[in-house]
Amino acid sequence: KPFWLKQKCKVPRPLLTSLLSRTPPLVGIMDVKAAGSDASIAERDQYEKNVRMFHEFLNSNRSKWEKTLDTELANHRYRIPVELKDLRQAEEGLERKILQQPVKYLLAWEEALMTFLKDVNEKACKQLKQPLKLDIQGSFGRNHVTPRGMNCTQLHQLMKVEGIVTKSGLTAPKLLQSMHVRKNQEDGHVEQRDHRDATSFVQSSAAGAMPSHDSEGNELALEIGLSVYKDYQKFLIQEAPENSPPGQIPRSIDVICEGDLADKTKPGDRVQVTGVYKPFPVTNGDFTTGIWPARLIATSVSLLKDMTEAPFVSDDVKNIKNIAAREDAFELLSRSFAPSICGHEKVKAGLLLQMIGGTEKNLPNGTHLRGDINVLLVGDPSCGKSQMLRFVMNIAPLAISTTGRGSSGVGLTAAMIKEPGSREFTLEAGAMVLADRGFICIDEFDKMGLNDRVAIHEAMEQQCVTIAKAGMHVTLNARCSVVAAANPIYGNFDPSLDLAKNIGMPDSLLSRFDLVFVVRDLTTEEIDRKIATQVLRQAQMRLSGVGGRRGVEHMHSNILERRQEVDLRKTQEATEVYVKGVPGADGQEAKQVLTVDFLRKYLRYCRRLTPKLSEEAQVAVGEKYCDMRMRFQSGFDDLMNPNAENKKPRLAVTTRTLEALIRLSTAHAKLKLRKDEVLPEDVNEAYKLMLIAREEEAPESAAPVVPDGGDDAPAPAGDASQGTKRTRDLAFEGQAGEAGGISASRFKSLQTLVGRTFASLDEPQLSRGELLETINAGLLAGEPAFSEGEFSTGLDRLEEENKIMTVADTGAVIFVG
């Protein structure tokens with residue numbers, strides 16, 4: 001009865017008539033209750049029908065599912081995989097129903113799965129630490145998207161989203177079932193309350209409400225120790241950098257993980273998340289804007305280890321082996337790397353070896369030896385450094401670009417972010433963590449601040465990022481190759497300064513780069529004409545596909561469409577090997593250049609190989625390293641060369657240089673498709689490349705003559721300070737021995753061999769004859785032996801520099817150091 005009928009009071013008739021007219025009729029209330037009851041009964045019947053249907057589906061192939069359950073439980077996995085194609089075979093159209101209405105089926109099917117497990121293995125069912133869940137797998141069609149493809153039409157659907165984890169929250173316990181006991185009484189009475197919210201696919205208005213009194217009116221208290229909890233974590237998925245449309249901000253989406261899915265990912269991981277896309281309405285207040293956050297409630301999280309790449313066909317493998325068998329394979333591949341840039345052959349060769357990389361080693365004692373190669377390009381403006389970085393980004397399967405001025409130290413590594421409005425900290429990955437197993441291109445490296453530059457030291461050598469802040473100690477993988485471009489300290493190279501002062505970076509940073517290339521802007525008529533011809537020839541070419549779609553029009557949020565777009569017409573066809581229709585300079589026949597697609601396949605094929613150093617290669621690496629240590633000693637100068645100003649100190653040669661030599665040798669062996677061993681010729685190529693990168697003269701016998709003049713094409717001819725010196729040394733080489741003197745390069749070789757001989761024989765002194773015989777035996781193949789005149793002159797110079805001492809009576813030689 002209405003409240004005014006319960007009270008015995010007089011109400012005026014007009015007011016009573018008005019109030020009675022507003023009172024809802026009892027018949028209408030009963031109709032609503034009956035309709036609600038019918039809806040709940042129908043919902044329960046549908047639920048039981050789904051349970052029976054899935055139980056019959058499991059029993060239809062009982063042996064298979066028994067084996068699957070035993071295997072998953074033995075590996076402590078509680079997510080049982082179910083293929084959509086199997087559901088399609090059981091009932092036509094069932095796979096679309098589960099994708100469109102997953103909440104309607106998942107809870108019922110998981111109950112049927114638990115019943116089936118109890119029937120086939122009751123002991124395993126009793127030993128379960130958590131309930132079994134279903135992991136729907138297979139082809140999701142239009143429900144397989146990136147974060148950019150998530151919109152309102154996918155709400156309440158089962159989605160599969162691929163992306164990269166950029167932010168990860170802490171794992172925290174979440175209350176699943178609370179236990180309550182009577183306050184101030186110990187009678188053993190316990191009441192429980194389930195707290196299942198929208199993340200459990202159950203709409204419960206009482207979720208989170210705590211009972212204060214029991215049915216008898218006794219006050220209740222929460223028993224924290226007896227309550228049941230589960231792990232809870234949130235992380236952010238963002239579009240992969242290479243899949244984001246140019247000029248647009250990458251989209252991201254929040255993911256909620258519970259139970260065994262929590263703490264399976266970390267920032268920088270590429271993941272594929274399957275889950276239900278649900279809105280979370282904000283119920284605070286009497287008004288709403290109608291804009292609610294939507295999140296993905298994960299049912300499966302898996303790491304993506306394979307990229308979207310075109311498959312190999314038999315003709316591709318045949319063409320790759322044919323290219324590797326050519327004697328000029330290294331030169332051809334280097335010429336095909338950024339062919340639009342004129343010259344810089346040796347720089348391209350170094351970047352090519354970086355794309356292949358060495359062999360990563362994880363020793364049993366926990367030591368990690370990186371296989372990634374780091375390259376630094378230092379040179380004058382307008383030399384094509386940034387363009388070569390862009391080509392690396394274009395050809396690499398995973399590459400992230402950044403600049404020195406626009407990146408901070410934490411932006412490159414990782415940062416701890418405090419969530420606004422809460423005390424919770426989250427971990428956000430930086431560029432080097434996001435580029436794990438890929439490449440990071442840092443332009444304007446010299447513009448980076450000193451403190452920011454120090455932050456990447458650990459990531460470059462140890463290949464991990466360690467953070468100890470806000471009570472968290474976290475280690476993230478940053479296994480990436482760094483390719484950086486920088487200008488000299490004064491913008492342009494100053495010929496009056498040595499190389500180390502021009503670069504202006506500390507040895508602690510330079511030693512972490514395997515190759516430090518110097519790119520000069522040489523002003524000679526021959527080079528200028530060659531560059532002008534190259535630019536004009538490219539301007540005359542008519543490129544195909546100019547009217548094709550670009551930018552946003554070319555991007556697809558549907559991953560299946562994008563994968564099908566990887567040239568279905570050419571999937572079963574061999575990739576074109578050589579570029580056709582490229583005109584040569586001055587009407588001459590152009591040199592062969594590989595297509596970009598074939599170069600990608602060649603590099604991907606090379607990365608699979610893991611050759612090891614042969615015994616001969618190990619000896620060669622030791623010899624080259626000792627030679628570099630002697631060659632780059634501080635204080636050694638070429639006294640006989642009048643043009644040689646004291647250009648010390650040179651770049652330091654450390655143990656990291658030895659590891660760099662091994663990595664470059666391994667990369668060259670991979671390029672030649674050597675599966676088992678690294679040969680001495682690979683070591684010679686790597687050694688020559690490292691010397692040329694440091695602007696040093698490579699020994700004659702260390703490597704054959706390279707066409708086009710080495711690093712900067714005709715650079716030796718145009719560089720007055722280097723080209724004249726090399727020509728003079730070569731012309732003077734043959735006459736020095738007969739005249740009784742010794743040339744500068746021969747004296748360098750003699751000093752290296754003297755130090756090496758005393759170190760290997762471990763003797764304090766040797767006779768002149770024995771020393772000369774040992775030195776001539778250690779010369780490289782094709783290098784002329786030292787004459788008595790050269791030997792005597794060289795020993796006199798070494799004695800003047802306090803490197804050796806000669807005993808006047810016996811003529812024995814004592815090594816000082």
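A few points on the structure. (Residues numbered from 1 in each chain as written. Predicted model: local features only at pLDDT ≥ 70, side-chain atom pairs only at ≥ 80, totals over all residues. Heavy atoms only, no water.)

Moving on, we get to the packing of helix H22 (residues 615-631) against helix H24 (residues 680-693). Close contact between H22 and H24 brings their axes to 8 Å; oriented N to C, the two are set at 20°. By the angle between their directions, the pair H22 and H24 is classed as roughly parallel. Where H22 crosses over H24, the two elements pack in a sense that is right-handed. Here Glu-616, Ala-617, Ala-620, Val-621, Lys-624, Asp-627, Met-628 and Arg-631 of H22 lie close against H24, whose contacting residues are Pro-680, Val-683, Asn-684, Tyr-687, Met-690 and Leu-691. Here the contact of H22 with H24 is composed, by residue class, of nine nonpolar, one polar and four charged. (Axes fitted to C-alpha atoms, helices over the stretch in contact; angles between N-to-C directions. Helix = DSSP H or I, 4+ residues; strand = E, 2+ residues; numbered from the N terminus. Parallel < 35°, antiparallel > 145°, perpendicular 65-115°, else oblique. Left-handed = near helix turned anticlockwise from the far one by under 90°. Contact = heavy atoms within 4.5 Å. Nonpolar A, V, L, I, M, F, W, Y, C, P; charged D, E, K, R; others polar.)

Take the nonpolar core next. Ranked by size, the top nonpolar core spans 63 residues in total, and within it Phe-337, Leu-352, Met-355, Leu-515, Phe-517, Tyr-602 and Leu-673 carry the most contacts. With residues up to four places along the chain from it excluded, the contact list for Met-355 reads Phe-337, Val-392, Ile-395, Ala-396, Phe-439, Leu-603 and Arg-607. Core analysis: the second largest hydrophobic core is formed by 42 residues, Leu-412, Ala-414, Met-416 and Phe-445 among them. (Core = buried A, V, L, I, M, F, W, Y, C linked by side-chain atoms within 4.5 Å. Buried < 20%, exposed > 50% of the residue type's maximum accessible area, 1.4 Å probe, protein only.)

Turning our attention to helix H29 (residues 788-800). Since one α-helical turn is 3.6 residues long, residues separated by three or four positions face the same way. Here H29 contains 13 residues, and its C-alpha end-to-end distance of 18 Å stays within 8% of the 18 Å for a straight helix at 1.5 Å per residue. Buried residues along H29 sit against helix H27 (744-761), helix H28 (768-777), strand E25 (804-806) and strand E26 (813-815). At the C-terminal side of H29, Asn-802 shows a positive phi close to 60°. (Expected span 1.5 Å × (residues − 1).)

Phi is positive for Ala-338, which is not a glycine, with a value near 50°. Positionally, Ala-338 belongs in the loop between helix H10 (329-336) and helix H11 (345-356).

Moving on: the pairing of strand E20 (residues 481-486). Moving residue by residue along a regular strand, the side chains alternate between the two faces of the sheet. Of all six residues in E20, six are buried, a share of seventy percent or more. Burial along E20 is two-sided: the face carrying Ser-481, Val-483 and Ala-485 and the face carrying Val-482, Ala-484 and Ala-486 are both buried. Where strand E13 (residues 375-379) meets E20, four bridges bridge the pair, whose relative direction is parallel. By the bridge assignment for E20, Leu-376 is matched with Ala-484. (Pairing = 2+ DSSP bridges.)

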